[in-house]
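Fold and contact review
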Amino acid sequence: MPIPSSELILNRDGSIYHLNLLPDHISDTIITVGDPDRVPLVSQHFDSIETQVAKREFVTHVGYYRGKRLTVLSTGIGTDNIDIVLNELDALVNIDFVTREPRPLEERISLRIVRVGTSGALQPDVPVGAHLVTEHAIGLESLVQFYPLVETGAEVEFATTVQQAVGLDYRPYCVLGSDLLREQLGAGMLNGNTVTCPGFYGPQGRSLRLELRYPDLLERLRGVQFSNPEGTFRLTNFEMETAGYYALGRMLGHEVVSLNAIVANRATGEFAEHSDQIVNDLIAKTLDRV
Ligand SMILES: O=P(O)(O)O[C@H]1O[C@H](CO)[C@@H](O)[C@H]1O
Ligand SMILES: O=c1cc[nH]c(=O)[nH]1
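- The name that an unreviewed UniProt entry assigns to the protein is Uridine phosphorylase, with the source organism given as Hymenobacter oligotrophus.
- On record in UniProt, under Catalytic activity (unreviewed entry), the comment for the protein is "uridine + phosphate = alpha-D-ribose 1-phosphate + uracil".

In structure tokens, the structure reads:
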């Protein structure tokens, strides 16, 4: 059955609804960033840029880096945007836009998606300026309530430990990212477990003028310790997208990794003086390794 035009929405030029991209714009490896202004910071390293597309917060450059074709695109902020980006990227490679049918299993493509984002450290020993690769992502937001994500027993236990530590009314979700990409891209970086939040302020324990429901959120999260035969895990950093990537990546069959430039430390109260440099260094390191 063809997917109706209200579900798979194509623009007049055949591009997909929000990203405005055609299947031909998608390389096997995709670098994603939150900030649209970060896209040219990546593509400035390319030998050549063949395509530039922009719609809303979704800016895409396609080009070649040391002979390898790469797509870099911005997602904007939040897992609601990750729902759009991952579903549309997957559609671009795994749905035939002419017949509107999903491609047969044997033709399915598994993308390699690398998020390069900024993040705030939760622990005092994760310094501003560090680069951190996310092992597990803990989603405090609700994206996965709408999908049948299968979590391992260990993931459910880790998420339940977080729920109990904070006293949340609901169980967060927990997803391990791609072992393959973590090994390939994360060498020499700190290894961490990232808390993905549905906001920058209250959900990350920040208060400017509003009172918080969990005034000691940071202490509670900092104290989480989860052990299983694989090891002992703690929570290291906050941001706003990684759990959505890891969950949708798993469900759609794509390899995903999240690389974090630590620009703030919530334990010491610091914000990086030169946050751009930390991000630029992470971009250079990522390009070197993809
Ligand atoms: O720098 P990016 O990739 O946008 O990531 C982080 O920065 C934004 C908040 O300032 C959130 O999107 C958070 O996840
Ligand atoms: O503290 C921080 C810094 C960057 N991004 C976040 O979401 N939180």
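1. Examining the overall build of the protein
- Helix and strand content of the protein: seven helices and 15 strands.
- On C-alpha atoms alone, the protein measures out to a radius of gyration of 19 Å, which is about the 19 Å that the 2.2 N^0.38 rule sets for 290 residues.
- With the C-alpha coordinates aligned to their principal axes, the bounding extent of the protein is approximately 50 × 40 × 40 Å.
- In the protein, the proportion of contacts linking residues at least 24 apart, taken out of those at least 6 apart, comes to 75%.

2. Re the UniProt feature "domain: Nucleoside phosphorylase" (unreviewed entry) in the protein
- Residues annotated by UniProt as "domain: Nucleoside phosphorylase" (unreviewed entry) correspond here to residues 30-275.
- Counted over residues 30-275, helix gives 24% and strand 34%. Its end C-alpha atoms are 23 Å apart.

3. Section: the site of ligand 2
- In the region of ligand 2, the neighbouring residues are Thr118, Ser119, Gly120, Phe200, Gln204, Phe238, Glu239, Met240, Val263 and Ala264.
- When residues of the shell around ligand 2 are traced back to their parent elements, those giving at least two are strand E7 (112-121), strand E13 (237-239) and strand E14 (255-265).
- With three residues, E7 is the single largest residue contributor to the shell around ligand 2.
- Its residues placed into classes, the shell around ligand 2 shows five nonpolar, four polar and one charged.

4. Quick look at the environment of leucine 143
- One can find leucine 143 in the loop between strand E8 (131-139) and helix H3 (153-166).
- Judged by local crowding, leucine 143 falls into the buried class, with 21 C-beta atoms found within 10 Å.
- Taking the C-alpha atoms as reference points, leucine 143 and aspartate 83, 60 residues apart in sequence, are found 7.7 Å from one another.

5. Quick notes on helix H2 (residues 79-94)
- Spanning 16 residues, H2 covers 21 Å between terminal C-alpha atoms, matching the ideal 22 Å at 1.5 Å per step.
- Along H2, the residues classified as buried are Thr79, Asn81, Ile82, Val85, Leu86, Glu88, Leu89, Asp90, Ala91, Leu92 and Asn94.
- Where H2 is buried, its residues touch strand E1 (29-33), strand E5 (95-96), strand E6 (101-102), strand E10 (190-196) and helix H6 (242-252).

6. So, the environment of glycine 63
- Examined against the element boundaries, glycine 63 turns out to sit in strand E3 (residues 58-65).
- In this structure glycine 63 comes out as buried when scored by C-beta crowding, with 20 C-beta atoms within 10 Å.
- Here glycine 63 is in contact with Ser43, Phe46, Ser48, Ile49, Glu50 and Leu70, once residues within four sequence places are set aside.

7. Focus: the packing of H2 against H6
- In the contact formed by H2 and H6, the axes pass within 9 Å of each other and the chain directions differ by 30°. With respect to H6, the axis of H2 lies roughly parallel. Classified by chirality, the crossing of H6 by H2 is right-handed. Seen from H2, the contacting residues are Thr79, Ile82, Asp83, Leu86 and Asp90; seen from H6, they are Ala243, Gly244, Tyr245, Leu248, Gly249 and Leu252.
- A per-class count over the contact of H2 with H6 returns six nonpolar, three polar and two charged.

8. Considerations on the domain arrangement of the protein
- Once the domains are mapped, the protein shows domain 1 (1-109) and domain 2 (116-290).
- Distance from the C-alpha centre of domain 1 to the C-alpha centre of domain 2: 24 Å.
- Across the contact, 19 residues belong to domain 1 and 21 residues belong to domain 2.
- Put simply, the parts of the chain that give the side of domain 1 that touches domain 2 at least two residues each are E1, helix H1 (39-43) and H2.

9. What to know about the site of ligand 1
- Surveying the vicinity of ligand 1 reveals the residues Val33, Gly34, Asp35, Ile77, Gly117, Thr118, Phe200, Glu239, Met240 and Glu241.
- Residues that form the shell around ligand 1 fall into these classes: four nonpolar, three polar and three charged.
- Both domains that furnish three or more residues to the shell around ligand 1 are identified here as domain 1 (1-109) and domain 2 (116-290).

10. Quick word on the pairing of E10
- Judged by how many residues are buried, E10 sits mostly within the fold: five of seven residues are covered.
- Here E8 pairs with E10 via six bridges, running parallel. Each residue of the ladder has a partner; that of leucine 132, found in E10, is leucine 190.
- Where E10 meets E13, three bridges bridge the pair, whose relative direction is parallel.

Calculation rules
Note that residues are indexed from 1 along each chain, following the sequence as it is written. Chain A is the first chain written and ligand 1 is the first ligand written, with later ones labelled in order. Where totals are concerned, whole chains, interfaces and linings use all residues; where local detail is concerned, this predicted model gives features only for residues with pLDDT of at least 70, and gives and counts side-chain atom pairs only at 80 or more. UniProt positions are given in the numbering used here, feature names are shortened, and annotations may be inferred rather than shown by experiment. Helix numbering and strand numbering both begin at the N terminus, where a helix is a DSSP run of H or I of at least 4 residues and a strand a DSSP run of E of at least 2. This radius of gyration counts C-alpha atoms alone. The globule rule is 2.2 Å times how many residues there are, raised to the power 0.38. Distance between backbone-placed C-beta atoms decides contact: two residues are in contact if it is within 7 Å. We call a residue near a molecule or strand if the C-beta atom, set from the backbone, is within 6 Å of it. Charged residues are taken to be Asp, Glu, Lys and Arg, nonpolar residues to be Ala, Val, Leu, Ile, Met, Phe, Trp, Tyr, Cys and Pro, and polar residues to be all remaining types, Gly included. To assign burial, the other C-beta atoms lying within 10 Å of each residue's own C-beta are counted, with C-beta atoms placed from the backbone; 20 or more indicates buried, 12 or fewer indicates exposed, and intermediate counts indicate partly exposed. Between the first and last residue of a helix there are one fewer steps than residues, each counted as 1.5 Å, and that sum is the expected span. Angles shown run from 0 to 180 degrees and are taken between the N-to-C directions of axes, each axis being a line fitted to C-alpha atoms and, for helices, limited to the stretch in contact. What sets the label is the angle itself: under 35 degrees gives roughly parallel, over 145 gives roughly antiparallel, 65 to 115 gives roughly perpendicular, and the rest give oblique. By the definition used in this description, the sense in which the near helix is turned from the far one sets the handedness, with an anticlockwise turn below a right angle giving left-handed and a clockwise turn giving right-handed. These domain boundaries are the output of an automatic or database domain assignment. Any two strands are treated as partners once DSSP identifies two or more bridges connecting them.

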